[in-house]
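One-letter residues, chain by chain:
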Amino acid sequence: MLHTVIAFFITYVLFHRGILQLPYSAVSTAFVFLFIFWSFWSTTWFYNRPYFRKMPKVIILAAYFFKEMLMANIKIAYDILTPHYYMRPTVIALPLSVKSNLEITLLANMITLTPGTLSIDVSKDRKFLYIHALYVKHNDVERLKHHIKHGFERRLLELTA
């Protein structure tokens, strides 16, 4: 977060003061910002190695989340546009491997932000997350649990470990 703020401030100063002889546009500003941010990020290896190792995992988790969100949007759009009704709503209890409040919150939010699924509640002992899912083919609840546990939860555990 600090690298982002510093890179933004430096980019602002460079363009505001006219130090750079580049046209002020979105492309040139983004290029300068990304170059400064990458410079800070690449030097992090020398003083903060866990940050350097976790950044690719953040990118992988974000890419997986956006892929799942895109696929779910396509599935819901297809179901709306076709005359046949494909929804098979179900409520499941997902056993949790994540333990901390942050991990549970992130997992629940990623599930809720993915169209077609909604996190309802966490059990009092924090061992189960109750999820409402719109698409459970042939009542195959175990397949949905496997998809969430080996998708979102596994990548989240890799990041927070």
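Located above this text is the structure these notes cover.
What comes next concerns the included structure. (Residues numbered from 1 in each chain as written. Predicted model: local features only at pLDDT ≥ 70, side-chain atom pairs only at ≥ 80, totals over all residues. Heavy atoms only, no water.)

## Some words on the overall build of the chain
Heads up, the condition is: Comment: elements are numbered from the N terminus, with helices defined as DSSP H or I runs of at least four residues and strands as E runs of at least two. Only C-alpha atoms enter the radius of gyration, while the globule expectation follows 2.2 Å times N to the 0.38, with N the number of residues. Summary of the burial criterion: residues with accessible area below 20% of their type's maximum are buried, those above 50% are exposed, and those between are partly exposed, where the area comes from a 1.4 Å probe applied to protein chains only.
Along the chain, the regular secondary structure elements total 5 helices and 3 strands. When the elements of the chain are put in sequence order from the N terminus, they spell out α-α-α-β-α-β-β-α. Relative to a compact globule of 161 residues, whose C-alpha radius of gyration would be 15 Å, the chain shows 21 Å and is clearly more extended. Taken along the three principal axes of its C-alpha coordinates, the chain extends 60 × 40 × 20 Å. Counting only residues that meet the buried cut, the chain has 31% of its 161 residues in that class.

## Examining a nonpolar patch on the surface
The following threshold applies: The residues that make up patches have over 30% relative accessible area and no salt bridge, and they are joined within 9 Å when like-charged or within 5 Å when they are Val, Leu, Ile, Met, Phe, Trp or Tyr. Areas reported as accessible are Shrake-Rupley estimates using a 1.4 Å probe. Residue values count occlusion only from the protein chains shown. Between Lys or Arg on one side and Asp or Glu on the other, a salt bridge is scored when a side-chain nitrogen of the former is within 4 Å of a carboxyl oxygen of the latter.
The grouping of Val91, Leu118, Ile120, Phe128 and Tyr130 at the surface amounts to a nonpolar patch, some 420 Å² of accessible area in total. Its location among the elements puts Tyr130 in strand β3 (residues 128-133). Judged by relative accessible area, Tyr130 falls into the partly exposed class, the value being 31%.

## Observations regarding the pairing of strand β2 (residues 117-122)
Along any regular strand the residues' side chains alternate between the sheet's two faces. This is how the line gets drawn: In this analysis, strands are considered paired if DSSP registers two or more bridges between them.
Here β2 runs beside β3; their pairing, made up of 5 bridges, is antiparallel. Pairing of Val122 across the sheet is with Leu129, part of β3. Connecting β2 to the next strand, β3, in antiparallel fashion are 5 residues, including Arg126 with a positive phi near 60°.

## Quick look at the packing of aromatic side chains
The condition that has to hold: Pairing of aromatic rings covers Phe, Tyr and Trp, the last through its six-membered ring, and needs centres within 6.5 Å; plane angles under 30 degrees mean stacked, over 60 mean edge-to-face, and all others mean tilted. Note on geometry: a ring has a charge over it if NZ (lysine) or CZ (arginine) is within 6 Å of the ring centre and within 35 degrees of the ring normal.
Within this structure, the stated rule accounts for 4 aromatic pairs. Their ring planes at 55° and their centres at 5.5 Å tell us that Phe65 and Phe66 sit as a pair that is tilted. Ring centres 5.7 Å apart and planes at 35° place the aromatic pair Tyr78 and Tyr86 in the tilted group. A residue is classified by how much of its surface remains accessible, and Tyr78, at 48% relative accessible area, is partly exposed. The exposure class assigned to Tyr86 is partly exposed, which follows from its relative accessible area of 37%. Against the face of Tyr64 rests Arg155, its NZ or CZ located 3.9 Å from the ring centre.

That's the geometry; what it means functionally is another story.
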